[in-house]
Every structure is written in C-alpha cells, then in structure tokens.
Number of protein chains: 2
Amino acid sequence: MVGVRLEPIPARESGSALFGGRKQFVLPEVETEFDNLARRISFAPKTTVFAESEPSIAVYTLTRGTAGLYKMLADGRRQIVGFALPGDFLGSPFSDRYACSVDAIGEVAARQFPREAFLEFLRANPKSLYLMLEAALQETNAARDHMLLLGCGTAEEKFAEFIITWRARIGHGSALSNLVPLPMSRRDVADYLGLTIETVSRVLAKLEREHVVHVIPNALQLMGSAERPLLFERSHKAA
Amino acid sequence: MVGVRLEPIPARESGSALFGGRKQFVLPEVETEFDNLARRISFAPKTTVFAESEPSIAVYTLTRGTAGLYKMLADGRRQIVGFALPGDFLGSPFSDRYACSVDAIGEVAARQFPREAFLEFLRANPKSLYLMLEAALQETNAARDHMLLLGCGTAEEKFAEFIITWRARIGHGSALSNLVPLPMSRRDVADYLGLTIETVSRVLAKLEREHVVHVIPNALQLMGSAERPLLFERSHKAA
DNA sequence: CGGCTACTTGACATCTATCAACCGGGGTGG
DNA sequence: CCACCCCGGTTGATAGATGTCAAGTAGCCG
C-alpha cells in the first residue's frame, strides 16, 4: 500500500465523460446559433441514452443528472469508462456507430444535436473546433490516468482515487464538501474500478472500521480529520 | 474464459500513441509548410523522448521505430498506456507539462515541432484541426477499449487482445503476417497489460504448449491453423 | 405485511503476484 | 578464444488479494 494525504489532491483530470464539464467548447457569441440545433430530451433512471454500435445519429450535451459510459463483453462483463455530469459531451460525432453505451443513472436531461448538424457547426466554427480538440486531449489523458489505476492499483487505492476524483468533480467551483453524494450503485462503482461489488463493499467496510469514511445511503461522509493515507501517489504531481 | 476466433478480428481502434498512424491530420497541400516547422531528431534505444510533468515545449511525430507511452506511480509501478509507431503524434500541445512519458523502445526517429508553432499551425489550418479532433476521439476510444481489457480481462485474454491488436497495427495496409515482431520487452508487455513479467511468460508458455503460438526472440509465430479461441468477445462487434 | 432489490458479510476458491532459482545469449575482458 | 558476467527471460513454490458462491440484512415500494 502506498499512501498520500487525502486533502489537497491537486485538481487532476476530469476522468469524466467525453469532455469534462468545465471545458466549454461553444463560445458565448455562437451559443444561440448552437442552441438552435438542439432538441431538449430527458431520460428516466436506468434507461439507455444510446448503446455502443447503434447508428450514431445524434450527439448530446448533458444538462442535468449523471450518466454512466460503458463498454461490454458478450458474457456481460462491463467496464464503466466514465461518468458524465452536466456540461459533458456525449456521442461519437465522427463515427457511424456509437463507440460506447451511455445509461442514465438518475433522472437525466440533455440537449440533443443531429450528428451532421453538429459537424457542420464545428466546420463553421474553428474556435469551437480548437476548444473541442483541447477537451478531447484532456479526455484521452483522463482515460489514461484511469488505465494507470486499473492496471496498477489495489482495490483500496482504486476506491480512494475514485472517491477523491468524484468529489473534486462535483465540488466543481464550490468548496469541496466532505459529504460526497454517490448517485450510482455499487455495481456501477465496481464496474468502473474493475472490481466486484463484494470487494467494493469490503473496502468500504474496512475504511469505515478505520474511521476514514462513514457510509451513508447514496453518499459517503469523509472523516475530515482523516490524515490517513488513502490514495496512491503519482510519480509526477499534476500541474 | 470466453472465446472468439483469432483470424478475422474486425480492425479495431489503434490502441496507439496519441493518434493512430493511419490518421493523417496534415493535408498534402500544407505538408511542406508543416515540415518547415520540423526538426529531425532521433533517440537511442531505451532513452526518454520526454517525461511526464516536464515542460511541454515541443510535440513530435514519430517517423521510425517504436515508442512506449506510460505513466508511473511514485513507488515505480508503471502503466504503459500505448505504443507509438511511425506516423503517430506525441505530445501535449495544450498543456504546459507533458501528460505522460515516452521512451524509445528501439532506435527511434521523429520530427520535432515547437509547441507554440504547432498550435499556430493548427489555428491557421482548420481542416487539420478537424482531422486531429477526429484522431483524438479515436484515441480516446482506443484508451477506453484498453480500459475494458484492463478492468475485465484475464491474463490470457489480455495477452491475446494485445498480440492481435499489435499485429493488426503493424500489418497496417500490407497483409497480416503470422510472424509478429515484438520489439518491446516482456516488462513492457506486462506493464501494458497490468500483469507481471512472470505471468506474461507463463501465458506464453501455456499458449506454446497448446500450439497456439511459437515463441521466438523478439517475435511471435502465430500458428495459422489455430482456430483456438483466443480472445474475449465484445458484446458489440466493431463497425 | 410481503417481497423485491441493493447491499453486506462470511467461507472458500482461484488467479495472479511474489520470491527465488535457474537458463541462455551476448558482450567484455583477460 | 574462452571465461565470466550481466540481463532478459523462464520456471517453480508459495502467498495473498480478489473473485465466487451463498446466506443474511435492510430499506423501499406495492
């Protein structure tokens, strides 16, 4: 086990959906033009926004709720590759088929854009294109950070990294709270971390025994005083 | 264990460096302009092209050899997030620091571009920007495919997926050969798959015992007749 | 109240990591 | 030219983490 403090956590990559919410790729001056392309649409909890390999007819930006992006194997094994929050972009604009599936976790609202219209918008707005490329590279990097976790981390390290990153994402702008909402199920967490739900449960039990966290339905209370090593330490700190 | 045929393998994502080599983001008509920005540079085997967290002063396109991209933890655990082949783009154009490290595996040659000049080129060439965004999204998807492997795969599945994807990448254009060169060390393979070198070695021994492959120094002979299930099956086939 | 689902807990199995020995090829230097 | 060493790789014995299977609990909704 390798440890690091829990608190400061130099704000790392989003680990998010396609693009972390903070990265706005539509500039204010073209926003209404962009919005005109959109159709508002919402999804009930546990319903599918789109599924991998379906024809990619539209792209989305999430406006409310949380969604899970995942890829699956034929026998049902599933890897959640990210969680999307409001502001995140979803879809495969350059592909004829969606590259992964997206399920609403709770109630979800989104703006839907026909794929072709979206591409046309991009072609007409190089500045947006530029910002979106920047966001896409950040996203690739976030995926690679998660690869590091999946390939090298222990169960406890995986969970710790998850909860800290998640807390940073939803704390977004406002101060970080020690009461961290967890809208997703244990199965979602397990599939995100490459673990089983039982292992996640046991890690939680252990952290609770050690007074690092308090387990609450749909949330987690981080024990503020906890200077306990929780996370694995990167060889190079984030910028 | 879940099986799938070895042969057809619908050409999947690159799993590559920053951008799969086949994706040319510099159009012919601006290529000389682009090249004028470049400085040719080469790297001896096992040397570092750049390291994570170093100032991001230049970006590169690989012209010869193979490179490994990786991220590390403080205690030395390493995750190789991809291998780069000629044509692949390397660097963190939008960041002040490199997002991951790159080591030459064998002898490597590359073109080096000052980061600012590269960004200026992108801003001046929306078409390149567009193609690069497309490539970046492919790369994100490849990273997510690898996340699926790292999170869900067994040792044997991981190795099989690796060897098949690698073979497809270097076969690139020409017919796929059953003699697959492996310029990287066992350690590289292990760190790419989230395994130990011993486990990789044992998987190879097992596959050899079962006449699926023949192990050769710096290469692997795939036994053509092998209809043996080797890979894990995706729930949705690639497009 | 009953039954469902999500979650937890326990006992056990298994895969992969760990630790250690060994092998073989290539380079180096005597 | 040979001996040696070093390094990468293989193989074996063992241990440990996590997965599997099964039972039990708690909350929630009908």
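This report concerns the structure included in the present document. (Residues numbered from 1 in each chain as written. Chains lettered and ligands numbered in written order. Predicted model: local features only at pLDDT ≥ 70, side-chain atom pairs only at ≥ 80, totals over all residues. Heavy atoms only, no water.)

### Remarks on the pattern of salt bridges
Residue and element names in this part refer to chain B.
And step 1. Counted according to the given criterion, the structure contains 30 salt bridges over all chains.
And step 2. One salt bridge connects Asp-96 with Arg-115, and the closest N-O pair in it is separated by 2.9 Å. A residue pair is termed long-range when its members are at least 10 positions apart, and Asp-96 in the loop between strand E6 (89-90) and strand E7 (101-104) and Arg-115 in helix H2 (residues 115-124) qualify at 19 residues.
And step 3. The exposure class assigned to Arg-115 is buried, which follows from its relative accessible area of 13%.
And step 4. Close ionic contact of Glu-116 with Arg-123 constitutes a salt bridge, the shortest N to O distance being 3.5 Å. (Salt bridge = Lys/Arg side-chain N within 4 Å of Asp/Glu carboxyl O. Helix = DSSP H or I, 4+ residues; strand = E, 2+ residues; numbered from the N terminus. Buried < 20%, exposed > 50% of the residue type's maximum accessible area, 1.4 Å probe, protein only.)

### Comments concerning unusual backbone geometry
And step 1. One non-glycine residue with positive phi stands out, namely A:His211, at about 60 degrees.
And step 2. Here A:His211 lies in the loop between helix H6 (197-209) and strand E10 (213-216).
And step 3. Phi at B:Asn218 takes a positive value of approximately 65 degrees, unusual for a residue other than glycine.
And step 4. One can find B:Asn218 in the loop between strand E10 (213-216) and strand E11 (219-222).
And step 5. Accessibility expressed as a relative area gives 58% for B:Asn218, which makes it exposed.

### Some remarks on the interface of chain A and chain B
And step 1. Of the residues lining the interface, 58 residues belong to chain A; the matching set on chain B comes to 58 residues.
And step 2. At the junction of chain A and chain B, the tally comes to eight salt bridges.
And step 3. Where A:Glu139 meets B:Arg144, a salt bridge forms, and the shortest distance between an N and an O atom there is 3.3 Å.
And step 4. Counting the contacts that link chain A with chain B gives 16 residue pairs in polar contact (both at pLDDT 80 or more).
And step 5. At the level of secondary structure, the elements contributing two or more residues to the side of chain A that touches chain B comprise strand E4 (67-72), strand E5 (78-84), helix H2 (115-124) and helix H3 (126-152) of chain A.
And step 6. The element that contributes the greatest number of residues to the side of chain A that touches chain B is H3(A), accounting for 20 residues.
And step 7. Here the side of chain A that touches chain B is built from residues that sort into 30 nonpolar, 13 polar and 15 charged. (Contact = heavy atoms within 4.5 Å. Polar contact = N/O pair within 3.5 Å; in protein donor to acceptor, adjacent residues only side chain to side chain. Nonpolar A, V, L, I, M, F, W, Y, C, P; charged D, E, K, R; others polar.)

### Quick word on the protein's contact with DNA strand D
And step 1. Taken together, 15 residues surround DNA strand D, and among them A:Ala155, A:Thr199, A:Arg202, B:Arg186 and B:Ser201 come closest.
And step 2. Among atoms of DNA strand D positioned within 4 Å of the protein, sugar and phosphate together represent 62%.
And step 3. Between a phosphate oxygen of DNA strand D and a side-chain N or O atom of A:Thr196, the distance comes to 3.1 Å.
And step 4. Of all the elements in the fold, those that place two or more residues in the surface near DNA strand D are H6 of chain A together with helix H6 (197-209) of chain B.
And step 5. Per-element tally for the surface near DNA strand D: the top contributor is H6(B), with four residues.
And step 6. Of the residues contributing to the surface near DNA strand D, the split by class is four nonpolar, six polar and five charged. (Near = heavy atom within 4 Å.)

### Comments concerning the packing of aromatic side chains
And step 1. What the rule picks out here adds up to 28 aromatic pairs over all chains.
And step 2. Between B:Phe113 and B:Phe118 the ring centres are 6.4 Å apart and the planes differ by 45 degrees, which places this aromatic pair in the tilted class. Note on accessibility: B:Phe113 and B:Phe118 belong to one class, buried.
And step 3. The residue whose ring lies beneath A:Arg78 is A:Tyr70, and the NZ or CZ to ring-centre distance is 5.2 Å. (Phe/Tyr/Trp six-rings, centres within 6.5 Å; stacked < 30°, edge-to-face > 60°. Lys NZ or Arg CZ within 6 Å of the ring centre and 35° of its normal.)

### Notes on the protein's contact with DNA strand C
And step 1. As a matter of local geometry, DNA strand C sits amid 16 residues, with A:Arg186, A:Ser201, B:Ala155, B:Thr199 and B:Arg202 nearest to it.
And step 2. Considering DNA strand C, the proportion of its atoms within 4 Å of the protein that are sugar or phosphate atoms stands at 63%.
And step 3. A:Arg202 places a polar side-chain atom, nitrogen or oxygen, 2.9 Å from a base nitrogen of DNA strand C.
And step 4. Of all the elements in the fold, those that place two or more residues in the surface near DNA strand C are H6 of chain A together with H6 of chain B.
And step 5. For the surface near DNA strand C, the element with the most residues is H6(A), which contributes four residues.
And step 6. Across the surface near DNA strand C, the residue classes tally to four nonpolar, six polar and six charged.

### Brief notes about the environment of A:Asp103
All names here are of chain A.
And step 1. With respect to the helices and strands, the residue Asp-103 is situated in strand E7 (residues 101-104).
And step 2. Between the C-alpha atoms of Asp-103 and Ala-84, which are 19 residues apart in sequence, the distance is 9.8 Å.
And step 3. Dropping the residues within four chain positions of it, Asp-103 is found in contact with Thr-47, Thr-48, Val-49, Thr-66, Ala-67, Gly-68 and Tyr-70.
And step 4. A polar contact of 2.9 Å, which involves the side chain of Asp-103, links it to the side chain of Thr-48.
And step 5. Reaching out from Asp-103, the side chain makes a polar contact with the side chain of Tyr-70 at a distance of 3.0 Å.

### Details of the side chain of B:Ser128
Residues and elements named next belong to chain B.
And step 1. Inspection of the secondary structure puts Ser-128 in helix H3 (residues 126-152).
And step 2. A polar side-chain atom of Ser-128 sits 2.9 Å from the main-chain carbonyl oxygen of Phe-25.
And step 3. Apart from residues no more than four positions distant in its own chain, Ser-128 is found in contact with Phe-25, Val-26, Leu-27, Val-30, Phe-121 and Leu-122.

### Digging into the relation of the copies chain A and chain B
And step 1. Screw-axis analysis of chain A against chain B gives a translation of 0.0 Å along the axis, an RMSD of 0.0 Å, and a rotation angle of 180 degrees. Such a combination of rotation and displacement between the chain copies is what one expects of a two-fold axis.
And step 2. When the interface residues of chain A are mapped onto chain B, 100% of them again lie at the interface, so the same face is used by both copies. (Least-squares fit on C-alpha atoms with pLDDT ≥ 70 in both.)

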